[in-house]
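Examining the three-dimensional arrangement
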Amino acid sequence: MKKAYLVLKNGKIFEGCSFGADKKAIGELVFTTSMVGYLETLTDPSYKGQIVIQTFPIIGNYGVIPEDFEGKPALSGYVVREYSEIPSNFRSEYELGKFLKDNGIPAIYGVDTRELTKILREEGVTTAGIFEEIPADFSELENFVLSNPVPAVSCDKPAVYRAEGEKKYSVVLIDYGAKQNIVRSLTKRGCEVTVVPCDTSAEEILALAPCGVMLSNGPGNPEDNKFQIEQIRKLIGKTAIFGICLGHQLTALAMGAKTVKLKYGHRGANQPVKDLIGGRTFITTQNHGYAVLSDSISDKAVLSYINANDGSCEGLSYPDLNCFTVQFHPEACAGPHDTDFLFDKFISMMGGLKDAKE
């Protein structure tokens, strides 16, 4: 097996074996603690520009199942402890190494992912690269900047997804890097979903007369998205709005709040979130490196969820504006599904608007 090297900007080098595309990768090094769902991770557009470490030690054991894809792969590279070359699953169509090669994703296995995770937790996220040979200098790592990645992962033109069964509502989903299960979660509830590019204006969206607007997940620094923030400012209060992840952050910025980059982010399927209104704690899937500062939110917002580990903002409600947003992923595949009831809450909000119009 061909050797590969994971090189961190601080000079630390990890030797392993290549099992992906034969090219180098430069990106922000992050880790996810999910025990299952590596296909969803690999096809989540929110990982644009990042090299992802899987903390779970064995990856590839159930192969590649295209039905489980969330979108087009956007991550820069992939790091695992042990690669299972021979998958065993009745749904598997081929092995993970082929998927990585076909999609141009460099990958490395045989490295100490536990040590890498400890470095990121203690020192914070850093730039890294996957190389076939150790580079003579680290200038590429030092100069790397992930700037405004949302347009790169958004769709090029609108697309319509029909409701399953009777159409009850029409929803516009603004695609900042949307996961496909957001669409599925809406269509199975009787929504016809029109997915629009991230550069669609508020006026164009309102001209579609939607019952509600979904603001999707997506990559990068939320503050980079000036145009998108302005459009949300124009939309809020005009229709029911539900925002997820980046959509949550953009809405908060549109309403005057501030965001901050976390030391190493929240990525995985085991993040505890406390409901400040209902009192319950839910286990959630998350994938973000930025958070809304709770003490910066406007008087029109109510802090509804916090992270049970670090107390950071995980959800906001805007009761007078028919809008709510969450930092975590209620649509998450492969789970947990504890918070998919939030889609029902969105449906209820749209029903109220529909009745009011009639």
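Residues numbered from 1 in each chain as written. Predicted model: local features only at pLDDT ≥ 70, side-chain atom pairs only at ≥ 80, totals over all residues. Heavy atoms only, no water.

**Here we look at the overall build of the protein chain**
Our working rule: Where helices and strands are cited, they refer to DSSP runs of H or I of at least four residues and of E of at least two residues respectively, numbered from the N terminus. All radius of gyration figures rest on C-alpha atoms, and the globule criterion is 2.2 Å times the number of residues raised to 0.38. Relative accessible area decides the class of each residue, using a 1.4 Å probe on protein chains only: under 20% of the type maximum gives buried, over 50% gives exposed, and in between gives partly exposed. Residue contacts are defined here by distance: any two heavy atoms, one from each residue, within 4.5 Å place the two residues in contact. Each accessible area value is a Shrake-Rupley result obtained with a 1.4 Å probe; residue values ignore everything except the protein chains displayed when judging cover.
Of the regular secondary structure elements, the protein chain holds ten helices and 19 strands. The globule rule puts the C-alpha radius of gyration for 358 residues at 21 Å, and the 20 Å found for the protein chain is close to it. With the principal axes as the frame, the protein chain shows a C-alpha extent of 65 × 45 × 40 Å. Relative to its 358 residues, the protein chain shows a buried fraction of 57%. Intrachain contacts of the protein chain at a sequence separation of at least 6 include 74% that bridge at least 24 residues. When the accessible surface of the protein chain is totalled, it reaches about 15,100 Å², and 48% of it is carbon and sulfur.

**So, the environment of I130**
Looking at the element boundaries, I130 is found in strand β9 (residues 126–131). For I130, a relative accessible area of 3% corresponds to the buried category. Other than its neighbours up to four places away in sequence, I130 contacts Y5, L6, K23, K24, A25, I51, G77, Y78, V79, P106, A107 and I108.

**Concerning the sheet that holds strand β10 (residues 159–161)**
Applicable threshold: Paired strands, as defined in this entry, are two strands with at least two bridges between them according to DSSP. Axis definition: a line fitted to C-alpha atoms, limited for helices to the stretch in contact. Angles are taken between N-to-C directions and run from 0 to 180 degrees.
Judged by pairing direction, the sheet is mixed, and its ten strands sit side by side in the order β10-β12-β11-β13-β14-β19-β18-β17-β15-β16 without closing on themselves. The outermost strands of the open sheet, each flanked by one partner alone, are β10 and β16 (281–292). Each strand axis lies, on average, 25 degrees off the axis of its neighbour in the sheet, ignoring direction. Sitting on the sheet, helix α9 (residues 246–254) touches β13 (212–215), β14 (240–244), β15 (259–275), β16, β18 (313–318) and β19 (323–326), and the angle it makes with β18 is about 55 degrees.

**Here's the deal with helix α3 (residues 113–123)**
Rules: The arc in question is the one spanned by the directions pointing from the helix axis to the C-beta atoms. Any pair of N or O atoms that falls within 3.5 Å is considered a polar contact. Within protein, one atom must be able to donate a hydrogen and the other to accept it, and sequence-neighbouring residues count only if both atoms are side-chain atoms.
Among the residues making up α3, those that are buried are T113, L116, T117, I119 and L120. The buried residues of α3 occupy one face: seen down the axis, they fall within an arc of 155 degrees. Residues R114 and E122 are exposed on α3 and point more than 90 degrees away from its buried face. Two or three places before R114, at the start of α3, stands the capping residue D112, its side-chain oxygen 3.2 Å from that residue's backbone nitrogen. Of the residues flanking the end of α3, it is G124, one or two places downstream, whose phi is positive at about 95 degrees.

**Some words on the packing of aromatic side chains**
How we decide: Here a Phe, Tyr or Trp ring, Trp counted by its six-membered ring, pairs with any other such ring whose centre lies within 6.5 Å, and the pair is stacked when the planes are under 30 degrees apart, edge-to-face when over 60, and tilted otherwise. Cation placement over rings: the criterion is NZ of Lys or CZ of Arg within 6 Å of the ring centroid and within 35° of the ring normal.
Following the criterion strictly, the structure yields eleven aromatic pairs and no others. Ring centres 5.7 Å apart and planes at 75 degrees place the aromatic pair F19 and Y109 in the edge-to-face group. Note that F19 is positioned in the loop between β2 (13–18) and β3 (25–32) and Y109 in strand β8 (residues 107–109), a separation of 90 residues in sequence. With a relative accessible area of 15%, Y109 lands in the buried category. The ring of F324 carries the charged tip of K345 above its face, separated from the ring centre by 4.3 Å.

**As for the state of the cysteines**
Definition in use: Disulfides are defined as pairs of cysteine sulfur atoms found within 2.5 Å of each other.
By the definition in use, this model includes zero disulfides. For C191, which is in no disulfide, the shortest distance to another cysteine sulfur is to C211 and amounts to 7.9 Å. With no disulfide of its own, C313 has C245 as its nearest cysteine by sulfur position, at a separation of 12 Å. A residue is classified by how much of its surface remains accessible, and C313, at 1% relative accessible area, is buried.

**Description of the sheet that holds β8**
Strand order in this closed barrel of seven strands is β1-β2-β8-β6-β4-β3-β9, and the pairing throughout is mixed. Mean inter-strand twist for the sheet, computed between neighbouring axes without regard to direction, equals 35 degrees. Against the sheet, α3 engages β1 (3–8), β2, β3, β4 (50–54), β6 (77–80) and β9, with an angle of about 90 degrees to β3.

**With respect to the pairing of β6**
Neither face of β6 is exposed, since G77 and V79 on one face and Y78 and V80 on the opposite face are all buried. With three bridges joining them, β6 and β8 adopt parallel strand pairing. Within β8, the residue paired with V79 across the bridge is I108.

**Brief notes about the nonpolar core**
What counts, and what does not: The set of buried Ala, Val, Leu, Ile, Met, Phe, Trp, Tyr and Cys residues whose side-chain atoms join them within 4.5 Å is what this entry labels a nonpolar core.
Counting residues in hydrophobic clusters, the biggest one holds 29 residues, and the most contacted among them are I174, Y176, V213 and Y318. Those elements that provide at least two residues to this core are β11 (169–175), α7 (202–207), β13, α8 (226–235), α9 and β18. In terms of nonpolar packing, the next biggest core, distinct from the first, is built from 28 residues, M214, C245, F282 and Y305 among them.

**Comments concerning the pairing of β2**
In the sheet, β1 pairs with β2 via five bridges, with the strands oriented antiparallel. When the bridges of β2 are listed, A4 appears paired with G16. Two strands pair when backbone bridges link them, and β2 and β8 are joined in this way by two bridges, in the antiparallel orientation. Directly across from C17, in β8, lies its bridge partner Y109.

**Considerations on the environment of V64**
As for its placement among the helices and strands, V64 is situated in the loop between β5 (58–59) and β6. What V64 contacts, discounting residues up to four positions off in sequence, is L39, F69, R91, S92, E93, Y94, E95, L96 and F99.

By themselves, these observations are geometric and do not establish any function.
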